[in-house]
Amino acid sequence: MKAAVLTTPQPIAKRPLRIEDVPQPEALAGSVLLRVRACGVCRTDLHITEGELRPLHERIIPGHQIVGEIAGGATAEIPLGARVGVSWIGGVDGQCWYCRAGMENLCDAPTFTGYSVNGGYAEYAVARADFVFPLPAALDGLQAAPLLCAGIIGFRSLRVAGVQPGERVGLFGFGASAHLAIAVLQSWKCSVYVSTRGESHRKLAESLGATWVGKEADRPPVPLDRAVTFAPSGDVVLAALSSLRKGGVVAINAIHLDRMPQFDYDRLLWGERQLRSVANMTRADARDFLQIAAEINLRPKVTVFPLDQANEALLAVKNDAIDGAAVIANPR
Ligand SMILES: [Zn+2]
Ligand SMILES: [Zn+2]
């Protein structure tokens, strides 16, 4: 099969992924073989490809927003040909304290799709049968791909921030994840304040019904109940903190930050403001979000790249060159 393989992480401009012919993987007991239809491109793939997340293997196939059809290892629940999604959380041990306490997103021994095991930048992939999510029929195959990480983790960020219906919520950065989160927020009747660099991202936010849209350094005109930051930038986290009312929460939706600048406790955190990171996701987050996505008819904006353009897709994500999400798709 054809796959995009990473051996040596390098800046994406050097095109570190090589398109190769590799053996098709086999589904062992407890796993399924998927014929990959589409795989969303996530900023975490960029961190892996560029080496900001340390390599775990000499060779890895990235990609953790897989839409595939069951091609092996079928069960009664997921028969041959069934359409399923695979996300970043590829497995947990089920035994550690966190798993037993219902916090499998914090598992001590997790498997990460496209990082600790091969992912979906390929024609076929294998996944643990208990970590694939049947996709509601209402979701389009290509448009479902970015829901599987950007969407689920954006949704988890809203949960971590503690968003209540009708609240004022800030989204700092407006890429793949935020443009999905805004739809969920609207279904909860929240007013949404978007602060982002890049004129096209601001236009997209306006067109999706944001109450207020500003540039990266602009301050929302009202104190916010909650905020979620999406940019991998500590300065953006501080901008979000400084926009909160007392008791407000910032959830950081970024697996990697450039740095966390020093900040003024008295002004930014005092008053029971909270700063929280968002780590991974649970299967319940995935199932709940996919259900909501189908109900609200969520249709993300996607830009499609063929598999042999995987480097170009990542470069586009790095440069914020596309609105919405990049998706690698295989021809039928
Ligand atoms: Zn565990
Ligand atoms: Zn991701």
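Up top you'll find the structure we're talking about.
The rules behind these values
- Residues numbered from 1 in each chain as written.
- Chains lettered and ligands numbered in written order.
- Predicted model: local features only at pLDDT ≥ 70, side-chain atom pairs only at ≥ 80, totals over all residues.
- Heavy atoms only, no water.
- Helix = DSSP H or I, 4+ residues; strand = E, 2+ residues; numbered from the N terminus.
- Buried < 20%, exposed > 50% of the residue type's maximum accessible area, 1.4 Å probe, protein only.
- Contact = heavy atoms within 4.5 Å.
- Lys, Arg positive; Asp, Glu negative; His and termini not counted.
- Charge placed at Lys NZ, Arg CZ, Asp CG, Glu CD.
- Pairing = 2+ DSSP bridges.
- Axes fitted to C-alpha atoms, helices over the stretch in contact; angles between N-to-C directions.
- Donors = N, O, S within 2.8 Å, 3.2 Å for Na, K, Ca; no water.
- Polar contact = N/O pair within 3.5 Å; in protein donor to acceptor, adjacent residues only side chain to side chain.

**Topic: the overall build of the chain**
Tallying secondary structure elements over the chain gives 10 helices and 17 strands in all. Counting only C-alpha atoms and orienting by the principal axes, one finds that the chain spans roughly 55 × 40 × 40 Å. When each of the 332 residues of the chain is scored for burial, the buried share is 54%. Of the contacts made within the chain by residues no fewer than 6 positions apart, 69% connect residues no fewer than 24 positions apart. Charged side chains in the chain number 34 positive and 33 negative. The centres of these two groups are separated by 3 Å.

**Remarks on the sheet that holds strand S14 (residues 244-252)**
Reading across from one edge, S12-S11-S10-S13-S14-S15 is the order of the 6 strands in this open sheet, with parallel pairing throughout. Of all the strands in the sheet, just strand S12 (212-214) and strand S15 (274-277) have a single pairing partner and so form its edges. Strand-to-strand, the axes of this sheet are offset by a mean angle of 15 degrees, without reference to chain direction. Relative to strand S13 (residues 224-229), strand S10 (residues 168-172) runs parallel, the two sharing 4 bridges. Residue pairing across strands places Phe172 opposite Thr229, the latter belonging to S13.

**Here we look at the coordination of the zinc ion (ligand 1)**
In this structure, Asp93 (OD), Cys96 (SG), Cys99 (SG) and Cys107 (SG) serve as the protein donors to the zinc ion (ligand 1), at separations of 2.0 to 2.3 Å. Sequence positions of the residues that donate to the zinc ion (ligand 1) give the spacing D-x2-C-x2-C-x7-C. Of this pair, Asp93 sits in the loop between strand S6 (89-91) and helix H2 (97-100) while Cys107 sits in the loop between H2 and strand S7 (111-112), placing them 14 residues apart in sequence. A relative accessible area of 30% means that Asp93 is categorised as partly exposed. Relative accessible area serves as the criterion here: at 8%, Cys107 is assigned to the buried category.

**Points about helix H7 (residues 234-241)**
Summarising burial for H7: 6 of the 8 residues are buried, a large majority. Turning to H7, its buried residues number three or more, namely Gly234, Val236, Val237, Leu238, Ala240 and Leu241. Check the buried side of H7 and you find it contacts S10, S13, S14, helix H8 (265-268) and S15. The N-terminus of H7 is capped by Ser233, whose side-chain oxygen sits 3.3 Å from the backbone nitrogen of Asp235.

**Here's the deal with the coordination of the zinc ion (ligand 2)**
For the zinc ion (ligand 2), the protein coordination sphere consists of Cys42 (SG), His64 (NE2) and Cys149 (SG), at 2.0 to 2.2 Å. In primary-sequence terms, the residues that donate to the zinc ion (ligand 2) follow C-x21-H-x84-C. In this pair, His64 is assigned in the loop between helix H1 (43-50) and strand S4 (66-72) and Cys149 in the loop between helix H3 (141-144) and helix H4 (150-161), connecting sequence segments 85 residues apart. For the pair His64 and Cys149, a shared accessibility class is recorded, and that class is buried.

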